[in-house]
Structure formats: C-alpha cells, structure tokens
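Letter by letter, the chains look like this.
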Amino acid sequence: MVTLHALLAERLELAVRPLFPEAKIQLSGTADARFGDYQSNVAMTLAKAARRNPREVAAEIIGRFDSSGLTLPPEIAGAGFINFRILPERFETQLTSLAGDARLGVPVPPRPLQYVIDFSSPNVAKPMHVGHIRSTILGDALARIAEFLGHNVVRDNHIGDWGTQFGMLLVGWKTRMDRAALERDPLAEMERIYKEVSAAYQTDPATQEAVRGELLKLQSGDEENLGLWREMIRLSQGQFDAIYGRLEVRFDVTLGESFYNPWLRDIVADLKEKGVARESEGAVCVFSDHTLPEKEDPFLIRDENGWRDNPALVQKSDGTANYTTTDLATLQYRLKTWSPDEIIIITDGRQQQHFRQLSAIYQRWQPEAPAKLSHVWFGSILGDDGKPFKTRSGETIRLSGLLDEAEERALVQVTEKNPGLPEAERREIARIVGLGAVKYADLLPNRQSDYVFSWDKMLSFQGNTAPYLQYSYVRIRSIFRKLEMAWTFSAAEVSLAEPAETALAKKLLQFGEILPTILDDHRPNLLANYLHELASTFHSFFEACPVLKSEGTTRETRLLLCDVTARVLEKGLFLLGIAVPEKM
Ligand code: ARG
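This report concerns the structure included in the present document.

**Observations regarding the site of the ligand**
Thought 1: Taken together, Asp118, Ser121, Asn123, His158, Tyr323, Asp327, Ile345, Thr347, Gln351 and Phe355 make up the full set of residues near the ligand.
Thought 2: Between a nitrogen atom of the ligand and a side-chain N or O atom of Asn123, the distance comes to 2.9 Å.
Thought 3: Looking at the shell around the ligand, the elements with two or more residues in it are helix H12 (323–338) and strand S12 (342–348).

Spelled out as structure tokens, the structure:
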C-alpha cells in the first residue's frame, strides 16, 4: 500500500513542479498536532533561492495544491511552512488497507537492492565478550529490516582467523596447554595460554624466537601447525555458534580473514600498478593524493609541526600483508561475488580511522565500482562507574554469562508476576524477556553514543524497555482471549470518532513511513523509539476507549486498532531480533 506521506508528497510535487521545475520536495511528519499531520518547508527553501517572500511562495503552492479526498485546505505557518491536516475519513480508509496488508503498510522498494552486511566478526581463540553483542545485534537488526523491506542480504561473518596472534597461540598450545581445561571450556583455555605467552613475549627473547618460528611455519604451510590452527578455529566456531543459536542470529556465509590469503599478493601488485600504493622503506603504503582538504584526509595526521603523512600499510617490510590488505581483498571478492549496492561493515568506533583509509583506497583503486561502502560504528558499553563494563575483578564480561544472567533475572520477575505458571513455561518466558531486554537496551541508544549497562533499567516493565513492549503485546492478546468467538475483521466497519482512536491509527500508519528510513543512516534506534511511542499511544487509547464494553462499529474499530497494534509490535520487535511471549 502507498503511505500517506507518499500520497501527500506526490500531490505537493504536482503543485510545486510547474512553479519550480528543479525543486526538491521536502515533507515530514509533525511531532506536534498543532502543526497538522505533515509539514513542508519547501516554500522557504525555494523562496530563498529565488529571493522572494516565502509566505507568498507558500500561498502560490497552496493555490495549485489539490487537497481533494486527502487533506483539509493546507495552512501557512510561521515564516512560510505549509501545514497539512489529513481528512479524518482518509485515516479510516488507510487504516482499513493497513489491516488487510501483510506488509503492515511498508511499501515495496522501487528496486530491490543487494546488501552485504559484515557483522559480529569475532576473533578465533578469544571468547565473545559483551562488546561483541553490539556488532552482532546491530547487524542482525539491519539485516532483518533490509530483508523485510524487500532487499537481498548476504550476512557475512568475517571472523578473525589469521594474524600474528597465532604465533603466540601455537607456542602456548605446544608448551602450556591443559587438555582437561581445553575440553571444559576451549575458549577460556586458549585465552589463558595466549595471555601467558604474550606476557612472556614482552621480556623473554627465547619466547620471541619461538613465536616467530611457529608463525613462520604456519604461514609457509607446515602441516602440523595448520592442523592445530584448524582445530583452534573449529573449537572457537563451536562456541560462537552456541551464542548465535541463543541470540537467534544466523549468517549466510562465514568467510574469515584467512579465506582471502590467496589474493593478497595480487592486490598489492594491482595497487602498485594503478599507482595507488608505492614502496616506502621496504614496505608498500598508500599515501595521501592531496585531493581532500587536510582535515578530511585520512592519510594525514596533525602534530605540533603541522600536517604529516599517515600512510596505510598494505605490505610490511617482511613481505607479509595485514588487516588492510585483507579488507581490500574482501572488498574485491564481495564486489565480484554479489555485485552489491551497499556493503555495510559493523565494528566499534575505534576502527574509524582504518575504514576511512579503506574507503579512500577503494575510491582511488576502483573508481568505477558502484557499491557504497559504509562503516557502521558504535560506542562502548559502560559500567555504573562510567568506565568500560567489566566484572568486579576487572575482567571482560563474557557474553554467554551475560545471557545466563539476563535469563535468571527475568525468571525472578516472571515468577513474581505469575507464580502459578509451571516452571518450564516461566523459564521460556524468562528466556524471551531476558534476551529481549539485553538486545533492546543495546539497540535503543544512538549507536554512536556509549551507554551504561543497567539490569534494573533494561528489565523494568515500565519505561522504554523490551519488557514494556512485550507486555503491551501480551495485554492486547489477552483482550482477544476474552472474546467468546475468534475475531475477524470486516472491512466495512471502521469509524474513528475519538481523538485517541485517530491518534493510534495515525501512529500505526507511520510504521510504513519510518521503516524505510532506517537504512539511510543504519539506525535501528529509530524503530525502537517508534515502537515505544506506539505502545504509549496504545495505552492512552486503552485508557480513554473501552474496547470490550463498547458496541457495534465502535467495538469493531477498537478491536481492529488493538489487533493491528499487536501485529505492528510483534513485527517491529521481530525486526529488532526480539520475540514476544503470549503470556507474561
Ligand atoms: N575481527 C575484527 C575485530 O574483532 C572485526 C572485523 C570487521 N570486519 C572487517 N571486514 N574488517 O575487530
């Protein structure tokens, strides 16, 4: 179905185009009902460019605007805004279409796009910790949203399975491994040996020697070391998969860094040949081409003596490649394999510099490539003290333990509210509520800001939380359980009489307007906030408008509003990777 926003934008366009053939139409929903339902500043922008009076331009546009069947006569406000109020009966017909629409009002995109989303991407031999949840949850939500919008998505887990850390791990594996500990908890044991060897490496020349030797053997294809390396990957992948299973996150491909090794040499040669990279002190680097202003140039850095070079290394002086080379090979492979419109890579904010360089190299290396490369970065999770979230003893928090704790805490709450339910059922509800709470708390803040991890806040049934949204859903479902007969909606019976009914209908119709905008800047928090507004609008409606005690068309309309609200809540939460229970 077509959204009200699209219908209105089209009418506005028809009014503006004859006056200003080049105009870009701007139209946004209003937060304040005093300004109508939608507002446009198009007259102000156009008047400024034409050096005319904006209110006059607005009046001219309104003079040509066809409001029939859609809005009341538009009004001019302030310096030249045009305010539009949708006809009440138009909300009724839109709501009727919405109720019958499996896409819940979300329009089909003009052309389905191909996305590659690189997310989660943990490193082998290190347990996934609390920081990984952000990349995993954010990537999963963006993938779900893109798919529901009608796009194609490849979910690619770019695990860190190659690099100098394997020198340390191999030495540790051969000299310090505790077999029994490895069997109990492979990642913990691998992390322990890694830490021990890397500590010795700082001071002990013999360890340094051994690490270099094992790494070289691995890199040159030594069978024994390759076998151990594969074992480390296998053990790690098992534990990653256990976490993905719990989080209900899936991947289409898992192509780790090592997958790209065969292409690295060619990439470096190609970069040199195209004049993008050059030799410098035995290494191969990409330097600034001085086409960007200094402040925006990722290959320059400023110190007390002014701007100096900050090149990107693509081959070290010992001939080995690095993270940047691998990312370039990855880029090349993705372009060839999937012809994507956009590649989205999700990591924490500390990799911004790396990806700014990567984007710049990409532009110089493959100026014709149509794919957009987006680095979607996020801030840190903090503890109460405002420092990175750690255990009491200062260790990083393992994701598996965090998820256990979420479920346990949710179980306490569910048991308090519903002591009569059988334990298995309480546990299942607690699983859904606990995971939902953690995911939602992570998706709600602007992704670039740090947030403070708070169990009490995220598990609260009040406020902007997953349990509040899940509870709203459960409440609506319970209304339908009270009906004697299964309810089906008949399209002839919609009448919005009360302001609270119209307000809810209007909110529901915004789902289809908000969802497509989320991918513009990769911000699932817009969806989270929308769902919270929807639930609050529903609760105001539910207080003002009795449902089961009303009659006739009023009752049918209210049941319809309840039903669509539950469906939008369920779908919206699903798109954030969050399930809903039927009872709570
Ligand atoms: N494994 C990396 C890390 O843990 C993230 C990889 C992100 N993806 C990429 N193509 N660089 O920091």
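Alright, that's what it looks like, and here's the rest.
**Concerning the nonpolar core**
Thought 1: Within the largest apolar cluster, 144 residues are counted, with the highest numbers of intra-cluster contacts made by Phe511, Leu515 and Leu527.
Thought 2: By residue number, the principal contributor to this core is helix H5 (residues 130–149), which donates 11 residues.
Thought 3: Not counting chain neighbours up to four residues away, the residues in contact with Leu515 comprise Val106, Ile145, Phe148, Leu149, Leu527 and Leu575.
Thought 4: Grouped together as the second largest cluster of nonpolar side chains are 30 residues, Val116, Val268, Phe355 and Tyr362 included.

**Some details on the environment of Ala99**
Thought 1: Turning to its location among the elements, Ala99 is positioned in helix H4 (residues 88–99).
Thought 2: In this structure, the C-alpha to C-alpha distance between Ala99 and Ser490, residues 391 residues apart in sequence, is 9.9 Å.
Thought 3: Excluding residues that lie within four positions of it along the chain, Ala99 makes contacts with Phe489, Leu560, Val564 and Arg567.

**Notes on unusual backbone geometry**
Thought 1: A positive phi is found at Arg51, a non-glycine position, where the angle reads about 50 degrees.
Thought 2: Inspection of the secondary structure assignment puts Arg51 in the loop between helix H2 (42–50) and helix H3 (54–64).
Thought 3: The exposure class of Arg51 is exposed, given its relative accessible area of 79%.
Thought 4: Located in the positive-phi region is Glu248, a residue other than glycine, with phi close to 55 degrees.
Thought 5: Examined against the element boundaries, Glu248 turns out to sit in the loop between helix H10 (223–247) and helix H11 (264–273).

**Observations regarding the sheet that holds strand S8 (residues 283–286)**
Thought 1: Spatial ordering of the open sheet is given by S7-S8-S11, a layout of three strands whose pairing is antiparallel. Sheet topology places strand S7 (278–280) and strand S11 (312–315) at the edges, where each strand pairs with a single neighbour. Geometrically, the sheet is characterised by an average inter-axis angle of 50 degrees between neighbouring strands, direction not taken into account.
Thought 2: Relative to S8, S7 is paired through three bridges, and the arrangement is antiparallel. Pairing of Arg278 across the sheet is with Cys285, part of S8.
Thought 3: Contacts from H11 reach S7, S8 and S11, with the element oriented near 125 degrees to S11.

**Here we look at H10**
Thought 1: Here H10 is 25 residues long and its end C-alpha atoms lie 36 Å apart, about the 36 Å a rise of 1.5 Å per residue gives.
Thought 2: Glu248 occupies a position one or two residues after H10 and carries a positive phi of about 55 degrees.

**Focus on the packing of helix H17 (residues 466–482) against helix H20 (residues 552–575)**
Thought 1: Here H17 crosses H20 at 145 degrees, and the two axes come no closer than 9 Å. For the element pair H17 and H20, the recorded crossing hand is left-handed. Along its contact with H17, which presents Leu469, Gln470, Ser472, Tyr473, Ile476, Arg477, Ile479 and Phe480, the element H20 presents Leu559, Cys562, Asp563, Thr565, Ala566, Leu569, Glu570 and Leu573.
Thought 2: Partitioned by chemical class, the residues of the contact of H17 with H20 number 10 nonpolar, three polar and three charged.

**With respect to empty space enclosed by the protein**
Thought 1: Following the criterion strictly, the structure yields two cavities of 30 Å³ or more and no others.
Thought 2: Considered as a void within the structure, the largest cavity measures approximately 80 Å³ in volume.
Thought 3: Lining the largest cavity, in full, are Arg246, Leu247, Glu248, Arg431, Ile432, Leu435, Gly436, Lys439, Gly577, Ile578 and Ala579.
Thought 4: Looking at the lining of the largest cavity, the elements that each hand over two or more residues are H10 and helix H15 (423–443).
Thought 5: Element by element, the count of residues in the lining of the largest cavity is highest for H15, at five residues.
Thought 6: Considering only residue class, the lining of the largest cavity consists of five nonpolar, two polar and four charged.
Thought 7: Quantified by volume, the second largest cavity comes out at close to 30 Å³.
Thought 8: Lining the second largest cavity are Leu72, Pro73, Pro74, Glu75, Asn83, Phe84 and Arg85.
Thought 9: Tallied by class, the residues present in the lining of the second largest cavity amount to four nonpolar, one polar and two charged.

**A short note on the layout of surface pockets**
Thought 1: Roughly 1200 Å³ of volume is contained in the second largest pocket.
Thought 2: What lines the second largest pocket is a set of 44 residues, among which His5, Tyr38, Gln510, Glu513 and Ile514 lie closest to the centre.
Thought 3: In terms of residues, the lining of the second largest pocket owes the most to one element, helix H18 (residues 499–514), which gives 10 residues.
Thought 4: The residue inventory of the lining of the second largest pocket, partitioned by class, reads 24 nonpolar, 11 polar and nine charged.

**A short note on the pairing of strand S6 (residues 152–156)**
Thought 1: Burial of S6 is extensive: four of the five residues sit out of reach of the surface.
Thought 2: Bridge count between strand S5 (residues 114–118) and S6: five bridges; the pairing is parallel. Its bridge partner lying in S6, Val116 is registered against Val154.
Thought 3: Handedness of the crossover joining S5 and S6 through H5: right-handed.

**Some remarks on the pattern of salt bridges**
Thought 1: According to the stated counting rule, one finds 40 salt bridges in the structure shown.
Thought 2: The residue Arg192 makes a salt bridge to Glu196 at a minimum N-O spacing of 2.6 Å. In this pair, Arg192 and Glu196 are both assigned in helix H8 (residues 186–203), four residues apart and thus about one turn of the helix distant.
Thought 3: Of the residues examined, Glu196 reaches a relative accessible area of 31% and is grouped as partly exposed.
Thought 4: Where Arg431 meets Glu248, a salt bridge forms, and the shortest distance between an N and an O atom there is 3.3 Å. Highlighted residues: Arg431 in helix H15 and Glu248 in the loop between H10 and H11, separated in sequence by 183 residues.
Thought 5: Given the relative accessible area of 25%, Arg431 is considered partly exposed.
Thought 6: Looking at Glu248, the relative accessible area reads 44%, which means it is partly exposed.

Conventions and cut-offs
- Residues numbered from 1 in each chain as written.
- Predicted model: local features only at pLDDT ≥ 70, side-chain atom pairs only at ≥ 80, totals over all residues.
- Heavy atoms only, no water.
- Near = heavy atom within 4 Å.
- Polar contact = N/O pair within 3.5 Å; in protein donor to acceptor, adjacent residues only side chain to side chain.
- Helix = DSSP H or I, 4+ residues; strand = E, 2+ residues; numbered from the N terminus.
- Core = buried A, V, L, I, M, F, W, Y, C linked by side-chain atoms within 4.5 Å.
- Buried < 20%, exposed > 50% of the residue type's maximum accessible area, 1.4 Å probe, protein only.
- Contact = heavy atoms within 4.5 Å.
- Pairing = 2+ DSSP bridges.
- Axes fitted to C-alpha atoms, helices over the stretch in contact; angles between N-to-C directions.
- Expected span 1.5 Å × (residues − 1).
- Left-handed = near helix turned anticlockwise from the far one by under 90°.
- Nonpolar A, V, L, I, M, F, W, Y, C, P; charged D, E, K, R; others polar.
- 1 Å grid on protein atoms, 1.4 Å probe; cavity = no way out; pocket = protein on both sides within 12 Å on 5 of 7 lines; lining within 4 Å.
- Points joined across faces, edges and corners; volume = space filled by probe spheres on them.
- Right-handed = clockwise from strand over helix to strand, strands pointing away.
- Salt bridge = Lys/Arg side-chain N within 4 Å of Asp/Glu carboxyl O.

Interpretation note: all reported values are geometric properties and have no functional meaning in isolation.
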